[in-house]
Amino acid sequence: MSRLTAYALSLGLLVSAASPLAMRADDWPQWLGPNREATWNETGIVDGFSEGGPKIKWRVPVGYGYSGPAVADGKVYVADFVKASGELTNNPGARDRLSGQERLLCLDAATGKQLWAFAEDRQYALSYPGGPRCTPTVDGDLVFFLGAEGDLVCLKTADGSVVWKKKLTQEYQTETPIWGFAAHPLVVGDLLYCVVGGQGTVAVAFDKRTGKEVWRALSAPEPGYSPPTQIEQNGKPVLAVWHPEALNGLDLATGAVLWSVPLKPSYGMSIMAPRQEGDILFAAGIGNVGAAVRLPKGEGEPDVLWRSNVRTGVHPVNSTPYVLDGVIYGNDGESGGIIAAKLIDGERLWQSFEATTTEGRPVRQATVFLVRNADRFFLFNDQGELIIAKLSPEGYEEIDRAKIVEPTQQVNNRTVVWSHPAFAERSCFARNDKEIVCVDLAK
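None of these values were measured; they are calculated from a predicted model. (Residues numbered from 1 in each chain as written. Predicted model: local features only at pLDDT ≥ 70, side-chain atom pairs only at ≥ 80, totals over all residues. Heavy atoms only, no water.)

Caption draft 1: Representation of the overall build of the chain in the model. The number of helices and strands found in the chain is two helices and 34 strands. Relative to the 2.2 N^0.38 estimate, which gives 22 Å for 443 residues, the radius of gyration of the chain is 22 Å and therefore close to what a compact globule would have. In terms of overall dimensions, the chain has a C-alpha envelope of 80 × 50 × 45 Å along the principal axes. Considering only contacts within the chain whose residues lie at least 6 apart along the sequence, 56% involve residues at least 24 apart. Each charge sign in the chain was given a centre, from 43 positive and 52 negative side chains, and these centres are 2 Å apart. (Helix = DSSP H or I, 4+ residues; strand = E, 2+ residues; numbered from the N terminus. Rg over C-alpha atoms; globule rule 2.2 N^0.38 Å. Contact = heavy atoms within 4.5 Å. Lys, Arg positive; Asp, Glu negative; His and termini not counted. Charge placed at Lys NZ, Arg CZ, Asp CG, Glu CD.)

Caption draft 2: Geometry of the packing of aromatic side chains. Tallying each qualifying case throughout the model produces 17 aromatic pairs. Aromatic side chains Trp58 and Phe429 sit 6.0 Å apart centroid to centroid with 50° between the ring planes, which places their arrangement in the tilted category. One end of the pair, Trp58, is in strand β1 (residues 56-61); the other, Phe429, is in strand β33 (residues 427-431), and 371 residues separate them in sequence. Taken individually, Trp58 and Phe429 each receive the classification buried, so the pair is uniform in this respect. Here Trp179 and Tyr225 contribute two aromatic rings whose centre-to-centre distance is 5.8 Å and whose plane-to-plane angle is 55°, an arrangement assigned as tilted. Of the two residues, Trp179 is situated in the loop between α2 (168-171) and β10 (186-188) and Tyr225 in the loop between β13 (213-217) and β14 (229-233); the sequence distance between them amounts to 46 residues. (Phe/Tyr/Trp six-rings, centres within 6.5 Å; stacked < 30°, edge-to-face > 60°. Buried < 20%, exposed > 50% of the residue type's maximum accessible area, 1.4 Å probe, protein only.)

Caption draft 3: Quick peek at the pairing of β13. Direction of pairing for strand β12 (residues 203-207) relative to β13: antiparallel, over a ladder of four bridges. Looking at β13, one finds that Phe206 is bridged to Glu213. Adjacent in sequence and paired antiparallel, β12 and β13 are bridged by five residues, among which Gly211 carries a positive phi angle near 80°. (Pairing = 2+ DSSP bridges.)

Caption draft 4: How the structure looks around the environment of His184. Within the secondary structure, His184 sits in the loop between α2 and β10. Under the relative-accessibility criterion, His184 is labelled buried at 7%. Along the backbone, His184 and Trp215 are 31 residues apart, and their C-alpha atoms lie at a distance of 18 Å. Each residue touching His184, except ones within four places of it in the same chain, is listed here: Trp31, Arg36, Arg133, Cys134, Thr135, Pro227 and Pro228. A distance of 3.4 Å separates a polar atom in the side chain of His184 from a polar atom in the side chain of Trp31. Of note is the side chain of His184, whose polar atom sits 3.0 Å from the backbone nitrogen of Thr135. (Polar contact = N/O pair within 3.5 Å; in protein donor to acceptor, adjacent residues only side chain to side chain.)

Caption draft 5: Expanded view of the pattern of salt bridges. A full pass over the atoms with the stated rule returns 22 salt bridges. Between Glu435 and Arg59 there is a salt bridge, with its nearest N and O atoms 2.7 Å apart. Here Arg59 lies in strand β1 and Glu435 lies in strand β34 (residues 435-440), a separation of 376 residues in the sequence. In this structure, Asp141 and Arg209 form a salt bridge, with 3.2 Å as the shortest nitrogen-oxygen distance. Of the two residues, Asp141 sits in the loop between β6 (137-139) and β7 (142-146) while Arg209 sits in the loop between β12 and β13, which places them 68 residues apart along the sequence. Classification of Arg209 by relative accessible area gives partly exposed; the value is 46%. The network of salt bridges with common partners includes Glu102, Glu120, Arg122, Asp151, Lys165 and Lys167. (Salt bridge = Lys/Arg side-chain N within 4 Å of Asp/Glu carboxyl O.)

Caption draft 6: Expanded view of the environment of Leu258. As for its position among the elements, Leu258 is in strand β17 (residues 257-262). A sequence separation of 42 residues divides Leu258 from Gly300, and the C-alpha atoms of the two residues are 7.5 Å apart. With sequence-adjacent residues up to four places away left out, Leu258 is seen in contact with Val238, Gly249, Leu250, Asp251, Gly300 and Glu301.

Caption draft 7: Focus on the confidence of the model for the chain. Looking at the chain as a whole, its pLDDT mean stands at 94, while 94% of the residues score no less than 70. A low-confidence stretch, residues 1-23 (pLDDT under 50), is modelled with seven contacts involving residues beyond four sequence positions or located in other chains. (pLDDT = per-residue confidence, 0-100.)

Caption draft 8: Highlighting the nonpolar core. The biggest cluster of nonpolar side chains holds 35 residues, and the ones touching the most others in it are Phe423, Phe429 and Leu441. For this core, the element with the most residues is β34, which contributes four residues. If sequence neighbours within four positions are ignored, Phe429 has contacts with Trp58, Pro69, Val71, Val76, Ala109, Pro421, Ala422, Ala424, Val437 and Cys438. Of all hydrophobic cores here, the second largest spans 26 residues; its members include Leu263, Phe282, Val293 and Leu343. (Core = buried A, V, L, I, M, F, W, Y, C linked by side-chain atoms within 4.5 Å.)

Caption draft 9: The arrangement of unusual backbone geometry in detail. Phi at Asn90 is positive, roughly 50°, even though this residue is not glycine. Relative to the helices and strands, Asn90 resides in the loop between β3 (75-85) and β4 (96-108). The phi angle at Asp325 is positive, at roughly 50°, despite the residue not being glycine. Examined against the element boundaries, Asp325 turns out to sit in the loop between β22 (322-324) and β23 (327-331).

Caption draft 10: Quick peek at the sheet that holds β10. Pairing is antiparallel across the open sheet formed by four strands, whose spatial order is β10-β11-β12-β13. The sheet is open, and its two borders are formed by β10 and β13, each paired with just one other strand. Each strand axis lies, on average, 20° off the axis of its neighbour in the sheet, ignoring direction. (Axes fitted to C-alpha atoms, helices over the stretch in contact; angles between N-to-C directions.)

Caption draft 11: Main features of the pairing of β17. Summarising the sheet, strand β16 (residues 246-250) and β17 pair through five bridges and their orientation is antiparallel. Among the inter-strand pairings, Leu250 is bridged to a residue of β17, identified as Val257. What sits between the antiparallel neighbours β16 and β17 is a turn of six residues, in which Gly255 has the positive phi angle 80°.

Caption draft 12: Region of the structure containing the sheet that holds β6. Pairing in this open sheet of four strands is antiparallel, and the strands run β6-β7-β8-β9 from one edge to the other. Looking at strand neighbours, the two that pair on one side only are β6 and β9 (162-167), the edges of this open sheet. Sheet twist, expressed as the mean angle between neighbouring strand axes with direction ignored, is 15°. Pairing of β6 with β7 involves three bridges; the strand directions are antiparallel. Within β7, the residue paired with Thr137 across the bridge is Phe144.

So this is what it looks like as structure tokens:
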């Protein structure tokens with residue numbers, strides 16, 4: 001065989017190994033990724049950052065928003081608010097009044113070029129009113145967006161045309177929570193699940209293609225901010241809904257309440273998505289309130305394994321924990337650090353402030369978002385830093401970090417960015433209140 005033939009053959013094998021099938025890029029079509037597990041499954045990702053930080057593929061201006069981006073089929077969906085009048089004070093106990101436009105932008109994932117935009121005039125009356133909270137949910141040819149004041153819209157991904165929309169506060173005679181509608185809508189099969197609020201309508205299921213109500217369930221003084229979450233109970237799918245009074249299990253098809261466990265965080269702040277490993281389900285929040293329950297194998301109520309206190313468990317506020325091999329790794333809202341605690345009994349294994357605070361000491365509500373990739377985690381903290389670290393029962397081990405966006409919101413005498421990034425196309429897509437950036441993380 002000639003050298004040229006051998007070279008051509010070897011090149012062909014290399015091209016085959018790097019085919020689209022072998023090097024397929026994953027999507028991040030909703031909050032916390034494909035299965036809402038905060039797991040990034042792509043391979044060929046950097047082990048560390050080059051000097052000067054990772055390459056920024058593109059930057060695109062955006063308005064205010066706590067809403068993280070979604071990435072699907074080569075498109076990025078990001079929601080924002082363009083303020084026309086009013087003042088942001090970020091007073092936790094009072095509603096600021098703003099007027100402007102609430103938007104959903106669709107960008108080309110490779111270039112950042114705007115493909116289409118949906119925009120409607122909005123009046124905000126919210127505490128921390130800096131834009132939408134919910135990450136868009138992409139399902140096939142549809143994208144669902146829930147705005148901060150309860151405006152729910154279904155759009156075509158191709159061109160942003162409206163399929164259906166509704167104003168939840170009017171239709172269900174409920175008030176916008178003081179910190180806005182923040183429970184990311186969930187699609188399972190033909191149904192779209194939303195946390196709404198009101199008498200008998202804390203949880204509502206809609207036909208995803210028509211917007212027609214299919215069922216309604218649960219009552220509570222406030223709806224809370226925790227997203228509807230699909231879990232598994234005895235081999236069957238169940239919808240977990242945590243409102244400020246209780247953690248509930250519902251039948252996905254009918255909304256029938258299967259069980260309910262009292263769980264009352266301070267200030268109505270049920271926020272994190274319940275996390276499951278095996279038959280144990282965990283949820284916790286501000287006020288050192290949390291619990292792990294063992295789900296029943298048949299009918300009946302779960303068994304409460306433990307309830308947390310100031311010395312046990314993890315109490316998240318802005319960030320949902322990651323549960324791995326019987327250990328909860330979570331950003332504690334009370335201290336601002338990362339805490340590792342045993343899922344079975346809440347015993348704390350360690351606490352670290354390295355990823356969240358330069359002070360090396362507790363800073364209340366200092367925030368970091370955790371996403372697992374293979375044997376390490378990519379962390380995005382509220383100072384706009386992307387961190388590669390290993391989290392294990394033994395402790396926190398930092399590998400590298402780089403600043404990718406600037407913090408832009410004034411909260412508790414700190415300037416922060418509170419928006420969960422997306423990981424897709426071997427890249428990180430992160431935003432603040434001024435821009436969205438695409439960071440190249442390909443090895």
